Amino acid sequence: MSQKVKIVGWVAAGALAGAMATVSLQTVARGGTLSPLPLEELQQLAAVFGMIKSDYVEPVDEKKLITDAISGMVSSLDPHSQYFDKKSYKEFREGTTGRFVGVGIEITQEDGLIRIVSPIEGSPADRAGIKPGDLITKIDDTAVKGLSMNDAVKRMRGEPGTKVLLTIFRKEENRTFPVTITREEIRTQSVKAKVIEPGYAWLRLSQFQERTVDDFVAKMEDIYKKEPNLKGLVLDLRNDPGGLLDAAVAVSAAFLPENAVVVSTNGQIEESKAVFKARPEDYLRRRSADPLKRLPAALKTVPIVVLVNEGSASASEIVAGALQDHKRATIMGAQTFGKGSVQTVRPLGPDTALKITTARYYTPSGKTIQAKGIVPDIMVDDTAEGSPFAVLRTREADLQKHLLVGDQPEKPDPALEKEREEALKKLEEEARKPASQRRPPEYGSDKDFPLLQALAKLKGQPVKVSKTLVERKEEPKTE
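Residues numbered from 1 in each chain as written. Predicted model: local features only at pLDDT ≥ 70, side-chain atom pairs only at ≥ 80, totals over all residues. Heavy atoms only, no water.

1. Topic: helix α2 (residues 39-55)
Taking 1.5 Å per residue as the helical rise, α2 with its 17 residues ought to reach 24 Å, and the 24 Å between its terminal C-alpha atoms agrees with that figure. Here α2 has its buried residues at Leu-42, Ala-46, Phe-49 and Gly-50. Seen end-on, α2 carries its buried residues on one side only, within an arc spanning 95°. Exposed residues on α2 whose side chains face more than 90 degrees from its buried face are Glu-40 and Asp-55. (Helix = DSSP H or I, 4+ residues; strand = E, 2+ residues; numbered from the N terminus. Expected span 1.5 Å × (residues − 1). Buried < 20%, exposed > 50% of the residue type's maximum accessible area, 1.4 Å probe, protein only. Arc of directions from axis to C-beta.)

Laid out in structure tokens, this is it:
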């Protein structure tokens, strides 16, 4: 090794050791224990940094090298931990307010590609026909394979009115196709509601954001003005990817008795061990007035059916699990996504932050949501003809590096791969139909089959139980 490389390497080693010592001191403050630093590995990291800096074919920005190293370290943990640089942190904060410029999709990573958890209703992506489970393989001319989540998001964000070309691989149809989307400011309306017929209402939550609770209360007030003698409510959480925990606790509290347990969390540090109940102090965010006090008392007892599917994740699973465990609602639909982990955002400075998984969620009865999700009380198909493609839909248990539950996960079903092959053949036949015939009915419409079954349940009429859906167990992952 040349003298120059040695100098660069050891300077880097000193800087890294100092940084790691700081992290270790923070760990002492949080957990009370101190693990020795892996000095040999840190020296190797410093040596690699030095070699790249001195020997790489072109000059490399030092800050970018360090940022990429941090991003890679965090993304190796699980699918939901993430390093936010200046731009992505700003976009993350914008997303929780329900306003940002982009194409309008909730995403995660899968096999080095970007998987769409759910398009945001009414967004450019939704209007373009993007579906949950679609994989983005290219953004404009850049292959997604090898990009970090941050880089992929950066390339999809931009100025209003500009266009981005996404290359989509749709597993269900075994085909790849391009979609050009015009970016715009996404003002997500996370709550929709209407009286479907005399005595019965439908309320849909598409995401849990800062304004969700206020909008939820306003919609419920409007429903009761139109239908003061409400006999039943369908709470629609299908394809709701989650969002803010306090919003989920508040929505649950609207239907549950005061002080009823909504969800609990458990992790390594003390602050991750918590129980959230149906009480103002557990869901109010820096506000003095409790919006739930405006709700009619009858909402605590009105019969409820909650609709869920594979796209219902995180905060929506908390609501469904709380209402199910307290026997406050009947859960209908398909087994949910299974994102039972808590992410905490810790600022690293004024413009950067770390979103890191710090705990697991548990329903009031103590069941974990992670990699399992909420199993409906009544399985209901997507259509009257069934849900023949449900076996192809991606859930938390399918994601690489997802948190496992226990030391011995369930053995894989030997018939599962065969079912998937058969479903793919059916999808190839379906793909030959015109796009207009393949688009599912709009949620809340008179052709929405699960909604019709939910209404039947509320009225005490027969429900068409699923012909194809079965509970999916977690599958073990091999490295």
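Having put the structure on the table, let's press on.
2. Examining the packing of aromatic side chains
Counted under the stated rule, the structure contains 3 aromatic pairs. Ring centres 6.1 Å apart and planes at 15° place the aromatic pair Phe-84 and Tyr-89 in the stacked group. Here the aromatic cluster, defined as three or more aromatic residues joined through ring pairs, consists of Phe-84, Tyr-89 and Phe-92. Between Arg-93 and the ring centre of Tyr-89, over which it is positioned, the NZ or CZ distance is 4.1 Å. (Phe/Tyr/Trp six-rings, centres within 6.5 Å; stacked < 30°, edge-to-face > 60°. Lys NZ or Arg CZ within 6 Å of the ring centre and 35° of its normal.)

3. Let's talk about the packing of α2 against helix α3 (residues 62-75)
What describes two packed helices is the angle between their axes and the distance between those same axes. Running from amino to carboxyl end, α2 crosses α3 at an angle of 145°, the nearest separation of the two axes being 11 Å. Handedness of the crossing formed by α2 with α3: right-handed. The segment α2 lies against α3, with Phe-49, Ile-52 and Lys-53 engaging Glu-62, Leu-65 and Ile-66. Residues that form the contact of α2 with α3 fall into these classes: 4 nonpolar, no polar and 2 charged. (Axes fitted to C-alpha atoms, helices over the stretch in contact; angles between N-to-C directions. Left-handed = near helix turned anticlockwise from the far one by under 90°. Contact = heavy atoms within 4.5 Å. Nonpolar A, V, L, I, M, F, W, Y, C, P; charged D, E, K, R; others polar.)

4. Details of the environment of Val-263
Mapped onto the elements, Val-263 comes out in strand β13 (residues 261-267). In sequence terms Val-263 and Ile-318 are 55 residues apart; their C-alpha atoms lie 6.6 Å from each other. Apart from residues no more than four positions distant in its own chain, Val-263 is found in contact with Leu-245, Ala-274, Val-275, Phe-276, Ile-318, Tyr-361 and Tyr-362.

5. A short note on α3
Between its terminal C-alpha atoms α3 stretches 20 Å, which fits the 20 Å expected from 14 residues at 1.5 Å a residue. Where α3 is buried, its residues contact α2, β1 (82-84), α6 (149-156) and β18 (353-362). N-capping of α3 is provided by Asp-61, with a side-chain oxygen placed 3.2 Å from the backbone N of Lys-63. (Polar contact = N/O pair within 3.5 Å; in protein donor to acceptor, adjacent residues only side chain to side chain.)

6. Looking at the pairing of strand β14 (residues 274-277)
Bridge analysis of β13 against β14 gives 4 bridges, and the strand direction is antiparallel. Bridge pairing in β14 places Ser-264 opposite Val-275. Hairpin connection from β13 to β14: 6 residues lie between these consecutive antiparallel strands. (Pairing = 2+ DSSP bridges.)

7. Let's talk about the sheet that holds strand β10 (residues 191-197)
To summarise the sheet geometry, strands pair through backbone hydrogen bonds and adopt either a parallel or an antiparallel arrangement. Read across the sheet, 6 strands follow the order β10-β11-β12-β15-β16-β19 without closing on themselves; strand pairing throughout is mixed. Of all the strands in the sheet, just β10 and β19 (378-379) have a single pairing partner and so form its edges. As paired strands, β10 and strand β11 (residues 200-205) are joined by 6 bridges and run antiparallel to one another. For Lys-194, the partnering residue across the bridge sits in β11 and is Trp-202. Of the strands in this sheet, β12 (232-236), β15 (304-308) and β16 (330-333) touch helix α9 (residues 315-325), which is tilted by about 140° from β15. Against the sheet, helix α12 (residues 449-459) contacts β10, β11, β12, β15, β16 and β19, and its axis sits at roughly 160° relative to β15.

Any link to function would need more than the numbers given here.
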